[in-house]
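Read off the chains here:
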Amino acid sequence: LGQFLRDGRIVTRNITEAANHFRSAAQKGLAEAMVELGLILRRKNLEQQTACNWFARAAEHGNSNAIRLLGDCHAEATGQHKDRSRAMELYRRSAGLGDYTASLKLNGHNFRGVGSNIAAIEGCAWAAEAAARYNQAASKAHAYCLSLRR
């Protein structure tokens, strides 16, 4: 029901009610609901720390989206202390679970020299990993990496 209320499918869109439904499910331990609740709180700029706390709880369940979003909390200092090394660690963990968005974030951060001495090499490796999952943005990043070799 939370997804229907959030998206306005079948029922009238009501973000507050959606958040209430996600909160109820999250409190029962459903990791996906923890992520959805965190996203609602983050999108509305309501409670950044609370959103990051929900991402952390869902990450404990191994949810790759939550792990990446917790990385965002650390990278952007939204609800957490800015800690790019921790963000990179979380992005690597999420990417290792198959989250291509985390792979792209690793690619971007590494090209900016964040978190690694071998930044460009690692960035290209993560772009290749994401491109292998047929992500268009990753394919462009990987093509750029290949052009650097010439």
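Residues numbered from 1 in each chain as written. Predicted model: local features only at pLDDT ≥ 70, side-chain atom pairs only at ≥ 80, totals over all residues. Heavy atoms only, no water.

Description of the state of the cysteines
In the structure shown here, the tally under the stated rule is 1 disulfide. The side chain of cysteine 52 participates in a disulfide bridge whose partner is cysteine 73; the two sulfur atoms lie 2.0 Å from each other. In this structure the cystine formed by cysteine 52 and cysteine 73 twists about its S-S bond by roughly -100°; its chirality is therefore left-handed. Placement of cysteine 52 in helix α4 (residues 48-59) and of cysteine 73 in helix α5 (residues 64-76) is noted, with a sequence separation of 21 residues between them. (Disulfide = S-S within 2.5 Å. Helix = DSSP H or I, 4+ residues; strand = E, 2+ residues; numbered from the N terminus.)

Some thoughts on helix α2 (residues 15-27)
With 13 residues, α2 should reach 18 Å at 1.5 Å per residue; the first-to-last C-alpha distance of 18 Å fits that figure. For α2, the set of buried residues is Ile15, Ala18, Ala19, Phe22 and Ala26. One side of α2 holds all its buried residues, which, seen down the axis, span an arc of 100°. Turned more than 90 degrees away from the buried face of α2 sit Thr16 and Gln27, all of them exposed. Downstream of α2 by one or two residues, glycine 29 has phi in the positive range, about 100°. (Expected span 1.5 Å × (residues − 1). Buried < 20%, exposed > 50% of the residue type's maximum accessible area, 1.4 Å probe, protein only. Arc of directions from axis to C-beta.)

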